[in-house]
Amino acid sequence: MGKKLTGIRYGILLLALTSTLWSEEEPKSLGLDYSITTGESGELVWEIKGPAGGNRDLSTEEKQRLLREEFFPEALEKAEAGEEPEVWTVGFFYVDGMATEKNLEKAEAAFRHGLDFDRPDGLLYLADGYYRQGIEEEDLEKRKDQFRRSEIITTEVLGAGFESASSLAISLASVHMFGWYDTQKDLGKADEILTAVESVLPENPSVQLHKAKLFIYQKRYSEAFEYAERAEKGFLELPGDLEVVADELKRAKASKISAAVLGGQISKVDPEEFLELSKDSLGLNGPMAWSIPVILLLVLGFLLWRSRLSWSKGEEPGLQLSICWISVAILAAGIGFNIRLPGLDNGVGHWIGAILVTLFGLLAMTIGGWGRYFGLGPLFTGPKNLFKGLGIIVAGIAGLQIIAMGYGALVEFITGSGLDQQLVSLFLKSENLPQLVGTLMIVGIAIPFYEEVFFRGFLFDALDRRWGTRAALVVSSAAFALVHGLTFAVPLLFLSFALGWLRVRTGNLRMSFYLHAANNSFSVLLGYFLSPGV
């Protein structure tokens, strides 16, 4: 909850920076003999002014008596006569019951007169009070009611053209957009509030960023991209030395990339910007980034040494060692893709994790397991087996594509929206032929190699020795599918079973590697030739 409130304060600061939120004139006095300010928690602070204008040091009881017996009756009389500022400031007396009985209805009615004098202060104070009470309220229904009261007043102030309501309005819209404080998401209400804010601050980057986020939730990706791009330009024009502005700029860039990816407009994404943003978000930039592959080398070296001990004893890597290999491979691929190594061409450098794990997997096979897992004979014995192998590969790719399309159609039929596959395409995106060749080498050959060695090599054999072939096939296939994410776990489960079946039928990893490599390469080529702008 603290982070949410911090975000609200940032929003207020940004709006103050980018709009004429506050009047440049001297603030008008709320009265001659008393002053009203607000404390850190939003409470009213009453001060009695002496003849020279300074605050008088009075006890709370004496202060309350003066307000009740002298200042409130005088303010009420002037308010009933329509005099300014009492006509609206009298509402403050009703807010906290300091001088009279608390009555929020009377306070709201008085504050509304302030709009006629271009002073929305009272209404905004009341709306902010409802919002704060909503945050602190434990009962969900009462919380919703407090937020609703705040929304009604805030949108009314916005409708009267007052920009000062924008910060609170954005916070209220965020409650609906993100489901803050255990409330149910209501994108329609969030859209309504943000539209009201935009009507008074059409060029404010903070407003544009929130609209972009909303459009992403509503799957209006083209509009989201447009608004995020406008927000990015707006933040770039603000003072760059403010941390809050830099943070909001990153969020605008992230929203722009998300909108392009999810909207199937990957050609709009600058790969360098995407990689830079992801690396910044993980803190994997700068000179210290070289420490990551060094640590990875040490860990992989230790795993290689342990595997060599197993081979030298005439054994194969056990279940624990197999799981360690797989865990390090997954971690290395994820971190390796996101690190930016100074002095290295990051067109290939961001695949550093996959490259290192592949090299160590190759070493592990070389020191004792190559013949066991890949055999030592020719690739295919005769033309018949060659064509049979090619037939399996072609049929496998075609079958997997049919399964993937069928699964996508089923998900769309059940949920009403298709699978968001564009993020995967972004990782496989190649802008030119050299990049395509590099991606094919990594995604089409290196990754299938180490995945087959660790999943259908080490893990499969360890499980086979413990629980038998069927259990090994099921568990290794499920593990392979799940580590690729729940979104694509179902179609990948079919691929994994097909690869495992080939492992069982042939007794080695050759055909499973060929099918895996061919399937990945086909996906890379498909993404290259069918992506817009290529």
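Residues numbered from 1 in each chain as written. Predicted model: local features only at pLDDT ≥ 70, side-chain atom pairs only at ≥ 80, totals over all residues. Heavy atoms only, no water.

1. Things to note about the overall build of the chain
Right, on to step 1. Scanning the chain from N- to C-terminus turns up 22 helices and two strands.
Right, on to step 2. Of all 534 residues assigned to the chain, the portion counted as buried reaches 45%. (Helix = DSSP H or I, 4+ residues; strand = E, 2+ residues; numbered from the N terminus. Buried < 20%, exposed > 50% of the residue type's maximum accessible area, 1.4 Å probe, protein only.)

2. Digging into helix α2 (residues 60–80)
Residues three or four positions apart in an α-helix share a direction because the helix packs 3.6 residues into each turn.
Right, on to step 1. Taking 1.5 Å per residue as the helical rise, α2 with its 21 residues ought to reach 30 Å, and the 28 Å between its terminal C-alpha atoms agrees with that figure.
Right, on to step 2. For α2, the full list of buried residues reads K63, L66, L67, F71, F72, A75 and A79.
Right, on to step 3. Packed against the buried residues of α2 are β1 (34–38), β2 (44–48) and α3 (86–96).
Right, on to step 4. Of the residues flanking the end of α2, it is G82, one or two places downstream, whose phi is positive at about 80 degrees. (Expected span 1.5 Å × (residues − 1). Contact = heavy atoms within 4.5 Å.)

3. A few points about a nonpolar patch on the surface
Right, on to step 1. A contiguous nonpolar patch, built from V474, V475, L493 and F497 and spanning about 280 Å² of accessible area, is present on the exposed surface.
Right, on to step 2. For the nonpolar patch, the elements supplying multiple residues, two or more each, are α20 (469–482) and α21 (489–506).
Right, on to step 3. Position of L493 relative to the elements: it lies in helix α21. (Patch = residues over 30% accessible without salt bridge, like charges linked within 9 Å, V, L, I, M, F, W, Y side chains within 5 Å. Areas by Shrake-Rupley, 256 points an atom, 1.4 Å probe, with all protein chains shown as cover. Salt bridge = Lys/Arg side-chain N within 4 Å of Asp/Glu carboxyl O.)

4. Looking at the packing of aromatic side chains
Right, on to step 1. All chains considered together, the criterion is met by 26 aromatic pairs.
Right, on to step 2. With centroids separated by 5.3 Å and ring planes inclined at 75 degrees, the aromatic side chains of F215 and Y227 adopt a geometry described as edge-to-face. Remark: Y227 occurs in helix α10 (residues 221–236) and F215 occurs in helix α9 (residues 205–217); sequence separation between them is 12 residues. Y227 matches F215 in its accessibility class, with the two residues each being buried.
Right, on to step 3. Residues F449 and F513 carry aromatic rings whose centres are separated by 6.4 Å and whose planes lie at 90 degrees to one another, so their mutual orientation is edge-to-face. (Phe/Tyr/Trp six-rings, centres within 6.5 Å; stacked < 30°, edge-to-face > 60°.)

5. Examining the packing of helix α5 (residues 121–136) against helix α6 (residues 140–159)
Right, on to step 1. Where α5 meets α6, the closest approach of the two axes is 8 Å, and the angle between their N-to-C directions is 155 degrees. In terms of axis orientation, α5 runs roughly antiparallel to α6. For the pair α5 and α6, the crossing hand works out as left-handed. Where α5 approaches α6, its residues L123, L124, L126, A127, Y130, Y131, Q133, G134 and I135 are matched on the opposing element by R143, Q146, F147, R149, S150, I153, T154 and V157. (Axes fitted to C-alpha atoms, helices over the stretch in contact; angles between N-to-C directions. Parallel < 35°, antiparallel > 145°, perpendicular 65-115°, else oblique. Left-handed = near helix turned anticlockwise from the far one by under 90°.)

6. Comments concerning unusual backbone geometry
Right, on to step 1. Cis geometry is found at the peptide bond from E84 to P85, where omega equals 5 degrees.
Right, on to step 2. Along the polypeptide, P85 turns up in the loop between α2 and α3.
Right, on to step 3. One non-glycine residue, D118, adopts positive backbone phi at about 60 degrees.
Right, on to step 4. Turning to its location among the elements, D118 is positioned in the loop between α4 (104–116) and α5.
Right, on to step 5. Phi angles above zero are rare outside glycine, and D182 is one such case at about 65 degrees.
Right, on to step 6. Looking at where D182 falls in the secondary structure, it is placed in the loop between α7 (166–178) and α8 (187–200).

7. Digging into the environment of S521
Right, on to step 1. For S521, the position within the fold is in helix α22 (residues 510–530).
Right, on to step 2. Separated by 78 residues in sequence, S521 and V443 have C-alpha atoms that sit 7.0 Å apart.
Right, on to step 3. Among residues more than four places away in sequence, those in contact with S521 are L440 and G444.
Right, on to step 4. Of note is the side chain of S521, whose polar atom sits 2.8 Å from the backbone oxygen of A517. (Polar contact = N/O pair within 3.5 Å; in protein donor to acceptor, adjacent residues only side chain to side chain.)

8. Description of the pattern of salt bridges
Right, on to step 1. All told, the structure shown has 22 salt bridges when counted by the stated rule.
Right, on to step 2. For the salt bridge of R220 with E223, the shortest nitrogen-to-oxygen distance reads 3.0 Å.
Right, on to step 3. With relative accessibility at 33%, the residue E223 sits in the partly exposed group.
Right, on to step 4. A salt bridge links E452 to R456; the nearest nitrogen and oxygen atoms lie 2.7 Å apart.

9. Quick word on the confidence of the model for the chain
Right, on to step 1. Overall, the predicted model of the chain reaches an average pLDDT of 79, with 78% of residues at or above 70.
Right, on to step 2. Confidence drops under pLDDT 50 across residues 1–32; counting only partners more than four residues distant or on other chains, this segment forms 51 contacts. (pLDDT = per-residue confidence, 0-100.)

10. A closer look at the pairing of β2
Right, on to step 1. Side chains of β2 alternate between two faces, with L44, W46 and I48 buried and V45 and E47 left unburied.
Right, on to step 2. Alignment of β1 against β2, held across five bridges, turns out to be antiparallel. Residue T37 lies in a different strand from β2, and its bridge partner there is V45. (Pairing = 2+ DSSP bridges.)

11. Details of the environment of Q146
Right, on to step 1. In this structure, Q146 sits in helix α6.
Right, on to step 2. The buried category is assigned to Q146, whose relative accessible area is 14%.
Right, on to step 3. Sequence-distant contacts of Q146, defined by excluding residues within four places in its chain, comprise Y130, Q133 and G134.

12. So, α5
Right, on to step 1. End to end, α5 covers 23 Å across 16 residues, agreeing with the expected 22 Å (1.5 Å per residue, within 8%).
Right, on to step 2. Those residues of α5 not exposed but buried are G122, L123, L124, Y125, L126, A127, Y130, Y131, G134 and I135.

13. Brief notes about the packing of α6 against α8
Right, on to step 1. Where α6 meets α8, the axes come as close as 9 Å, and the angle between the chain directions of the two elements is 30 degrees. Classed by the angle they form, the pair α6 and α8 counts as roughly parallel. Pair α6 / α8 crosses with left-handed handedness. Together, E151, T155 and L158 of α6 and K189, I193, A196, V197 and V200 of α8 make up the contact between the two elements.
Right, on to step 2. Tallied by class, the residues present in the contact of α6 with α8 amount to five nonpolar, one polar and two charged. (Nonpolar A, V, L, I, M, F, W, Y, C, P; charged D, E, K, R; others polar.)

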